[in-house]
Structures are given as structure tokens and as C-alpha cells.
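Chain residues, written in single-letter form:
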2 protein chains.
Amino acid sequence: MAVWRVLAERGFQGLTLRAVAAEMGASTGLLTHYFPSKRALLKHALDVLEQQAAERPRPAAERAGDAKGLAMLRAVLLDILPLDRENADGNRIWVSSWDVALADPELAAEHAERYRRARENMTRLVADAQRLGELPADRPAGDLAAAAQSFVLGLVVQALFAPQEFPPARQTELLDAYLAGLAAG
Amino acid sequence: MAVWRVLAERGFQGLTLRAVAAEMGASTGLLTHYFPSKRALLKHALDVLEQQAAERPRPAAERAGDAKGLAMLRAVLLDILPLDRENADGNRIWVSSWDVALADPELAAEHAERYRRARENMTRLVADAQRLGELPADRPAGDLAAAAQSFVLGLVVQALFAPQEFPPARQTELLDAYLAGLAAG
DNA sequence: CCAGGTACGTAACAAACGTTTGGTAGGTAC
DNA sequence: GTACCTACCAAACGTTTGTTACGTACCTGG
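Throughout what follows, the structure given in this document is the object of discussion.

Cut-off values and rules
- Residues numbered from 1 in each chain as written.
- Chains lettered and ligands numbered in written order.
- Predicted model: local features only at pLDDT ≥ 70, side-chain atom pairs only at ≥ 80, totals over all residues.
- Heavy atoms only, no water.
- Near = heavy atom within 4 Å.
- Polar contact = N/O pair within 3.5 Å; in protein donor to acceptor, adjacent residues only side chain to side chain.
- Helix = DSSP H or I, 4+ residues; strand = E, 2+ residues; numbered from the N terminus.
- Nonpolar A, V, L, I, M, F, W, Y, C, P; charged D, E, K, R; others polar.
- Axes fitted to C-alpha atoms, helices over the stretch in contact; angles between N-to-C directions.
- Parallel < 35°, antiparallel > 145°, perpendicular 65-115°, else oblique.
- Contact = heavy atoms within 4.5 Å.
- Salt bridge = Lys/Arg side-chain N within 4 Å of Asp/Glu carboxyl O.

## Notes on the protein's contact with DNA strand D
Lining the immediate environment of DNA strand D, one finds 14 residues, of which Tyr-34 of chain A together with Thr-16, Leu-17, Arg-18 and Lys-38 of chain B sit closest. Within 4 Å of the protein, atoms of DNA strand D come from sugar and phosphate in 57% of cases. Side-chain polar atom of Tyr-34 of chain A to a phosphate oxygen of DNA strand D: 2.3 Å apart, as the coordinates give it. Note that a phosphate oxygen of DNA strand D is positioned 2.5 Å from one of the side-chain N or O atoms of Lys-38 of chain B. Broken down by secondary-structure element, the contributors of at least two residues to the surface near DNA strand D are helix H3 (28-34) of chain A together with helix H2 (17-23) and helix H3 (28-34) of chain B. The leading source of residues in the surface near DNA strand D is H3 of chain A, at 4 residues. In terms of residue class, the surface near DNA strand D is made up of 4 nonpolar, 7 polar and 3 charged.

## Brief notes about the packing of helix H1 (residues 2-10) of chain A against helix H4 (residues 38-55) of chain A
Residue and element names in this part refer to chain A. Relative orientation of the contacting elements H1 and H4 amounts to 85°, with a least axis distance of 10 Å. One way to sum up the angle between H1 and H4 is to call them roughly perpendicular. Taking contact as the criterion, the partners of Val-3, Trp-4 and Leu-7 in H1 are, on H4, His-44, Ala-45, Val-48, Leu-49 and Gln-52. Considering only residue class, the contact of H1 with H4 consists of 6 nonpolar, 2 polar and no charged.

## Digging into the pattern of salt bridges
All names here are of chain A. If you walk through the whole model with that rule in mind, you get 36 salt bridges over all chains. Linking Arg-5 and Glu-23 is a salt bridge whose minimum nitrogen-to-oxygen distance equals 3.0 Å. Highlighted residues: Arg-5 in helix H1 and Glu-23 in helix H2 (residues 17-23), separated in sequence by 18 residues. Here Glu-113 ties to Arg-117 by a salt bridge, and the two come within 3.4 Å at their closest N and O atoms. Taken together, the positions of Glu-113 and Arg-117, both in helix H8 (residues 105-131) and 4 residues apart, correspond to about one turn of that helix. Overlapping salt bridges, with partners in common, bring together Arg-39, Lys-43, Asp-47, Glu-50, Asp-104, Glu-106, Glu-110, Glu-113, Arg-114, Arg-116, Arg-117 and Glu-120 in one network.

## Concerning the interface of chain B and chain A
Between chain B and chain A, the contact holds 36 residues from the first and 36 residues from the second. Here chain B is connected to chain A by 4 salt bridges. Across the pair Asp-143 of chain B and Arg-170 of chain A runs a salt bridge whose closest N-O atoms are separated by 2.9 Å. At the surface where chain B touches chain A, the tally comes to 12 residue pairs in polar contact (both at pLDDT 80 or more). Of all elements in the fold, only helix H7 (85-103), helix H8 (105-131), helix H9 (141-161) and helix H10 (168-184) of chain B reach the threshold of two or more residues within the side of chain B that touches chain A. It is H9 of chain B that contributes the most residues to the side of chain B that touches chain A, 14 residues altogether.

Here is the structure:
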């Protein structure tokens, strides 16, 4: 999608009707034919963002195969981190989207819903790990999932700003140490 | 500062020369007299943002008094979280700033430096806690500080998007559980 | 007193923006 | 055949943007 290409090159600041139209070799009239307003295009851009996130390669999860429990949770979290260029680009766009999303209540609600779903998925993985005895069962799975998502989200932000201080190896170590703390706690 | 008021009302998207000029009852000519370009104003806005963050009230830290170690670390982290309206507003602006910062290498570097300093402070607190035996000493203080900052940063983002799912009480609980895990690990 | 710099305001600039208008081409229904 | 709808383009609209040019107070040092 042209919207995605524009986002990758210019970010949300550069997501203008003209830029998208030019990227797909069309006119701005075409865009307004499909999107009644700029907000509609922004909304669509966030959908595209989510779709791209869903379809992106997940090397760690693939390597984990059909593993269950803690190993799968680790793989999912690892695949979120900006360990390579593509994931760093995707995460940069994602972080940028927080600005436009927070400025518009409806877009914020949609974003909140996306994160809620992500937490839900993660909660399932945590519950699996608890059932396998890999994680303590004395804390609600939802809390552990929310905590894990927070940790990874924050690590993404820090790694984006200071990639030399948070090279892939250190990101992995920090995540593993976090998970080890969860398992021990 | 007028810049701060504009940021609070319209965010970074609405930070225009005219908006700032109107907010301080002056003309755009005045602004260009002090800021050679919009980028300079943006740079200044990020400075103001940092200054506001430095000068904002820190109820938890004050309540903690001259406590040391883990208690002080907890207070500092608590004061970051969006537990009330003012801190939520400040955090919203802060998160929004990531968009403009990530789009400009120089601004990104300045932001990275800010977070590095914050981690440095937190590293000192962690080291204190380790010396007091409140946190295990088998992990580098820098790693623990980076991990704690990641956790809090991510929790801020999630709480901003889903305030009803992350009310102050739950934010506090999640943070305490995280710190307990650190201490036990 | 007066030269010169600092501190502003006024006004305009070109560019870019989102949006609107008017029109063309092609397909479909009757 | 003709009425109508969808898909699209070209062009312009009015507004807002960052920036610049120019004028005028005010102050200060000599």
C-alpha cells in the first residue's frame, strides 16, 4: 500500500494527501474519492500499520516452532524488539503514531483496543506458562502480560533513541533477565 | 513559558509560530528574532519540556524524604507515572515529542542524551539499593536501571492509552510487583 | 545630541496544505 | 439509446505554514 511506503519514508508528519497520491501515481482527487477527509486517511494509516505489524516476519516465533509456554512468550516478545533494521523502522513508525493517536480521542480509542488485544494474546501465553509451572501462578496472568508488554514497549523506545547503547544482544539479555526475574519471583 | 502552554493545549502538531506568538500576545516577528527557524523553536520546546519535567512536583519523592536505596528508587519511578491529571498531561506531551524527535537526528540525539542522564541517576539509586542489600548485586546497576526505566516508560504509554484499564492503583501495584521481582531475583 | 544596536511590530512572501469543483471516460440498467 | 453511477483527473479554492523584508520605537555609549 502506498500509505505504508509514505509512512516508511516520511513518517506521520509527511503523510499528506499529495504525498500518498504521488506515491501511487494518482491525483489528490482520487484520494478524496475514497477518504472523505484527512482524518479518514489517518485512520486508514493506523489500520495499515496494524496490518503490516501482523504480517511482518517473526523469525523468533518461527524458530520456536510450536513451542508452548514461556519459550513462546519469549519468542513473541523478541519479535517485537527492534533487533534489525526492518523492525526498527516499523517500531519507529509505530512510536510516531502515538502522537497523532493521542491527539484524537477516537484514534486513541482504536489504538487502545489494539494494545488490549495484544495484551489478551499475551495473557494466553502467560497462562500457558503458568499451567506448565514455568511462571508463578500467584499473580494474575493479565498482570504479568501487562507488565511484560510495558517492559518491551519501553525497551523499544529506549533502543530506538540509543541504538548503540541497546544493541540487539543487550536487548535480548535485558529481556531474558526480565523473564528470569518473573520465573523466579 | 508560552511554548509550554501551547504544547499542553494543542500538542506538538499545533506548535506553530503563530500559536506561540498569540499565546504570549506578541507577533511572529518577535519569535523569529529569538529563534532563527522553526527547528530552533522545536529544540527549545524540548528543552522546556525537560525543564518542566525537572521542576514538576514530586509528591512521592517528597513523602519519601531522605530515604535511600530501594525506597527512593520506588519514589522516583512512581513520580514518573501518570497517576494524576498533571502528570498525565506532561507524559502525553512527552510521548508526543518522540515523533518529532525521531524524525530529526539532532533532536533524537538530544533526547537520547536526556534519557541517558535519567538512566545515570537511576543507576546511582540502584547502586545504593544494591549496597544496602535491597537489590541483588549480581547484575550490573546499569542494567537494572535501564530495565526499570523501560518498564516505567512502557507502563506510561499503556496507561495513557487505556487509563481505565490502568488506574493509579493498578499502576502502583504493577510497579511494586516489578520491584519485588527485582529484589527477589 | 546623536549614532548604532537591540527589540519589537507590520506586512508580505512563496509554498504546502486539505478540500471543493467541474468535468471525462467507461460500464451498467432499463 | 439514454439515463445513471462509479472511478478518476485537472485545476483551483481558501487557509495556514515558515520565512523574510522593512519600518519604528527604545536604549545606550560617547
